[in-house]
Number of protein chains: 2
Amino acid sequence: MSLRHALIGVLADEPRTGYGLLKHFEQSLAYAWPASHSQIYPELARLLAKGLIRQTGAGPRGARVYEATPDGLDEVCRWLRTEPDRRVRSDAALRIFFLWLLDPGEAAVFLAAERDRFRTLLAELERIEAEEEPRTPKQRAYRVALVGGLLTLRARIEWAEWALREVEAWR
Amino acid sequence: MSLRHALIGVLADEPRTGYGLLKHFEQSLAYAWPASHSQIYPELARLLAKGLIRQTGAGPRGARVYEATPDGLDEVCRWLRTEPDRRVRSDAALRIFFLWLLDPGEAAVFLAAERDRFRTLLAELERIEAEEEPRTPKQRAYRVALVGGLLTLRARIEWAEWALREVEAWR
DNA sequence: CAATGACATGTCAAGATTGACATATAGACG
DNA sequence: CGTCTATATGTCAATCTTGACATGTCATTG
């Protein structure tokens, strides 16, 4: 599973609480792998039991601070060397195959919503891009991921605009 | 869930067997929503019980041919008008965030493999694109999805090439 | 000082997904 | 006639994911 490795991987950079991991996922990793607190907390308990992470301290409100152990780091690196699962799941992309079941006007509404969502997301990623120059190895890797998002979104926007013109012709 | 709607949606075009649906998913829908036979067959039984599809005949080797009922078609259209789930899951994309845990040489190997996979897939999609001119509404919708894949893959290839130059500088 | 919102952790049932196990037939080829 | 492959359907346990339920704390603001 990817979640467990992602959790250790984030903790390999710096110690964090479960809640801190949750927020970090929401901000960046969720673009590739969404995770909710109801998944993260039990998974942390499992990783702790397996010795892949350890608790290094505690914060206010019962917060528990974890960090990756050497075993955990080994495990992440091993994972990174295995073949990635290239399957991708996207409900929004799936729906495109069925746009012909709607009338062209409704299909256009859908595509326009997609385009707008892409634009919003792109603006968000561009804001993050402008925020700070990457300095550490970790920041440079995150920047590589970010640029991947930027290029993909620009392509998706271009596609949505083309697709809108296309369904226009369906009327 | 998306799978049940996708199954009805495919059956709205023409009657198919469970196996036919499986192969159809593998060829096209799997790019957006992978599904295995162990998911498809039980789901078809549920859709049948709910009256969203019906069996119209039988083929060799116990094959069962299904088609969408009017209720099923309604259900798909209702689904298409709801907000899509914009969450996307990609193990390969997630790994980018952790490339800094590998040495630059290994990161480059990963990115080169990604680039190659994208190129192979692009060639495959370009072959499908050249295959036949879309004529029916359904074919036109599939073409819209296909062009989405083409534009996205070209952007991903551009990104992978840039990322490779980037990690080159990490050495 | 009371209310609110962000912080912080947890559980659980329902549903979705995977990968393995299981079985059988039709057609093609040697 | 035997073998192999593609066709064809099914089940099941393990795992993953979701969304709801549940609880409590800290800091800010009115």
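For clarity, every value in this text was computed on a predicted model and none was experimentally measured.

The next subject is the overall build of chain A. Within chain A, the secondary structure is distributed over seven helices and four strands. In chain A, the succession of α and β elements from N to C terminus is α-β-α-α-β-β-α-β-α-α-α. Computed over the C-alpha atoms, the radius of gyration of chain A is 20 Å, more than 25% above the 16 Å expected from 2.2 N^0.38 for a compact globule of 171 residues. Judged by the C-alpha coordinates and their principal axes, chain A covers about 60 × 35 × 35 Å. Considering only intrachain contacts with a sequence separation of at least 6, the fraction spanning at least 24 residues in chain A is 55%.

We now examine the nonpolar core. In terms of nonpolar packing, the biggest core is built from 57 residues, with Phe98, Leu111 and Trp159 of chain A touching the most fellow members. Counting residues per element, this core draws most heavily on helix α7 (residues 137-168) of chain A, which supplies nine residues. Among residues more than four places away in sequence, those in contact with phenylalanine 98 of chain A are Ala6, Gly9, Val10, Leu29, Trp79 and Leu80 of chain B.

Once that is clear, we can look at the packing of helix α1 (residues 2-11) of chain B against helix α2 (residues 18-27) of chain B. Residue and element names in this part refer to chain B. Relative orientation of the contacting elements α1 and α2 amounts to 105 degrees, with a least axis distance of 11 Å. Between α1 and α2, the angle falls in the class roughly perpendicular. Listed contacts from α2 to Leu3, Ala6, Leu7, Val10 and Leu11 of α1 are Leu21, His24 and Phe25. Of the residues assigned to the contact of α1 with α2, the class counts are seven nonpolar, one polar and no charged.

Further remarks concern the pairing of strand β2 (residues 53-58) of chain A. Residue and element names in this part refer to chain A. Alignment of β2 against strand β3 (residues 64-68), held across five bridges, turns out to be antiparallel. Each bridged residue has a counterpart across the sheet, and for glycine 57 the counterpart in β3 is valine 65. Where β2 folds back onto β3 in an antiparallel hairpin, the turn is made up of five residues, including arginine 61, whose phi is positive at roughly 55 degrees.

Turning to the domain arrangement of chain A, a few remarks are in order. Residues and elements named next belong to chain A. Domain boundaries in chain A define domain 1 (2-81) and domain 2 (91-168). Spacing between the C-alpha centres of domain 1 and domain 2 amounts to 28 Å. Across the contact, seven residues belong to domain 1 and five residues belong to domain 2. For the pairing of domain 1 and domain 2, the buried interface totals around 420 Å² over both sides, and the portion due to carbon and sulfur atoms is 58%. Where domain 1 touches domain 2, the interface holds one salt bridge. The salt bridge partner of aspartate 13 is lysine 138, with a shortest N-O separation of 3.3 Å. Residue composition of the side of domain 1 that touches domain 2, by class: three nonpolar, two polar and two charged.

Conventions and cut-offs
- Every chain begins its residue count from 1, and numbering advances along the sequence as written.
- As a convention, the first chain written is A and the first ligand written is 1, with the rest following in written order.
- With the structure being a predicted model, the display of local features is reserved for residues of pLDDT at least 70 and the display and counting of side-chain atom pairs for 80 or more, all residues being used for whole-chain, interface and lining totals.
- Only heavy atoms go into the side-chain values, all of them from the structure, while hydrogens and water stay out.
- Runs of H or I in DSSP of at least four residues are treated as helices and runs of E of at least two as strands, each being numbered from the N terminus.
- The atom set for the radius of gyration is the C-alpha atoms, and the globule formula is 2.2 Å times the number of residues raised to the power 0.38.
- Working rule for contacts: check all heavy atoms of both residues, and any pair within 4.5 Å makes them a contact.
- We call a set of buried residues a nonpolar core when its members are Ala, Val, Leu, Ile, Met, Phe, Trp, Tyr or Cys and they connect through side-chain atoms within 4.5 Å of each other.
- Remark: exposure states derive from per-residue accessible area (1.4 Å probe, protein chains only) relative to the maximum for the residue type, with buried under 20%, exposed over 50%, and partly exposed in between.
- Axes, fitted as lines to C-alpha atoms, cover a helix only where it is in contact. Angles between the N-to-C directions of the axes lie from 0 to 180 degrees.
- The scheme is simple: roughly parallel for angles under 35 degrees, roughly antiparallel for over 145, roughly perpendicular for 65 to 115, oblique for anything else.
- Gly is put with the polar residues, along with every residue not named as nonpolar or charged; the nonpolar set is Ala, Val, Leu, Ile, Met, Phe, Trp, Tyr, Cys and Pro, and the charged set is Asp, Glu, Lys and Arg.
- Two strands pair under a simple rule: DSSP has to find at least two bridges between them.
- Just so you know, the domain bounds were taken from an automatic or database domain assignment.
- Computed with a 1.4 Å rolling probe, the buried area is the accessible surface lost when two parts are put together, summed over both parts.
- Salt bridges, as used here, are contacts in which a Lys or Arg side-chain nitrogen is within 4 Å of a carboxyl oxygen on Asp or Glu.

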